[in-house]
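Summary of the model geometry
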Amino acid sequence: MNFWITIKYGNKNYRLMVEHTVMDARTELFKVVGRNKFIVLESNRPLFRNRGLKHRKPDFKLIEGKLDYNGSLHLLVDAILKIVEG
């Protein structure tokens with residue numbers, strides 16, 4: 001599943017494409033692609049959904065790529081969760 005997210009960081013808006021891939025019953029991957037970079041995030045959201053924990057916020061781990069600021073990672077995670085769970 002592919003979808004677009006928009007993140008406001010500083011005074012700029014960034015539009016990023018996200019590729020969502022479910023690996024197994026415990027983990028899923030999100031590949032966030034910008035203009036010339038990409039990062040891969042791993043989430044344990046399917047594990048919580050299979051156990052019936054709807055209000056538990058999943059943990060995200062940076063698997064591949066590099067981010068300069070942790071604040072941008074939190075913005076990415078919030079935007080992804082808004083689309084996927086919304």
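Below or above, wherever it landed, is the structure these notes cover. (Residues numbered from 1 in each chain as written. Predicted model: local features only at pLDDT ≥ 70, side-chain atom pairs only at ≥ 80, totals over all residues. Heavy atoms only, no water.)

1. A short note on the pattern of salt bridges
Evaluation of the coordinates by the stated rule reveals four salt bridges. Taking the shortest distance from any N to any O, the salt bridge between Glu42 and Lys61 comes out at 3.8 Å. On the criterion of sequence distance, the pair formed by Glu42 in strand β4 (residues 38-43) and Lys61 in strand β5 (residues 60-64) is long-range, its members being 19 residues apart. The partner of Glu85 in a salt bridge is Arg49, with the nearest N and O atoms 2.4 Å apart. With Glu85 in helix α2 (residues 70-85) and Arg49 in helix α1 (residues 45-50), this residue pair connects regions lying 36 residues apart in the sequence. (Salt bridge = Lys/Arg side-chain N within 4 Å of Asp/Glu carboxyl O. Helix = DSSP H or I, 4+ residues; strand = E, 2+ residues; numbered from the N terminus.)

2. Remarks on the packing of aromatic side chains
Counting across every chain of the model gives two aromatic pairs. The interplanar angle of 35° and the centroid separation of 5.9 Å between the aromatic rings of Phe30 and Phe60 together place this pair among those described as tilted. Here Phe30, found in strand β3 (residues 28-33), pairs with Phe60, found in strand β5; they are 30 residues apart in sequence, far enough to count as distant. Side by side, Phe30 and Phe60 carry an identical accessibility label, which is buried. Residue placement shows Lys31 over the ring face of Phe38; its charged tip is 4.6 Å from the ring centre. (Phe/Tyr/Trp six-rings, centres within 6.5 Å; stacked < 30°, edge-to-face > 60°. Buried < 20%, exposed > 50% of the residue type's maximum accessible area, 1.4 Å probe, protein only. Lys NZ or Arg CZ within 6 Å of the ring centre and 35° of its normal.)

3. Observations regarding α2
Between its terminal C-alpha atoms α2 stretches 22 Å, which fits the 22 Å expected from 16 residues at 1.5 Å a residue. Among the residues making up α2, those that are buried are Ser72, Leu73, Leu76, Val77, Ala79, Ile80, Leu81 and Val84. (Expected span 1.5 Å × (residues − 1).)

4. Remarks on the sheet that holds β4
The strand order across the open sheet built from five strands is β1-β2-β3-β4-β5, with neighbouring strands paired in antiparallel fashion. If you trace the sheet from one side to the other, it starts and ends with β1 (2-9) and β5, each paired once. Taken over all neighbouring pairs, the strand axes of this sheet differ in orientation by 30° on average, direction set aside. Both β4 and β5 contribute to a ladder of four bridges, which runs antiparallel. Bridge assignment links Val40 to a residue of β5, and that residue is Glu64. Sitting on the sheet, α2 is in contact with β1, β2 (12-22), β3, β4 and β5, with an inclination near 140° to β1. (Pairing = 2+ DSSP bridges. Axes fitted to C-alpha atoms, helices over the stretch in contact; angles between N-to-C directions. Contact = heavy atoms within 4.5 Å.)

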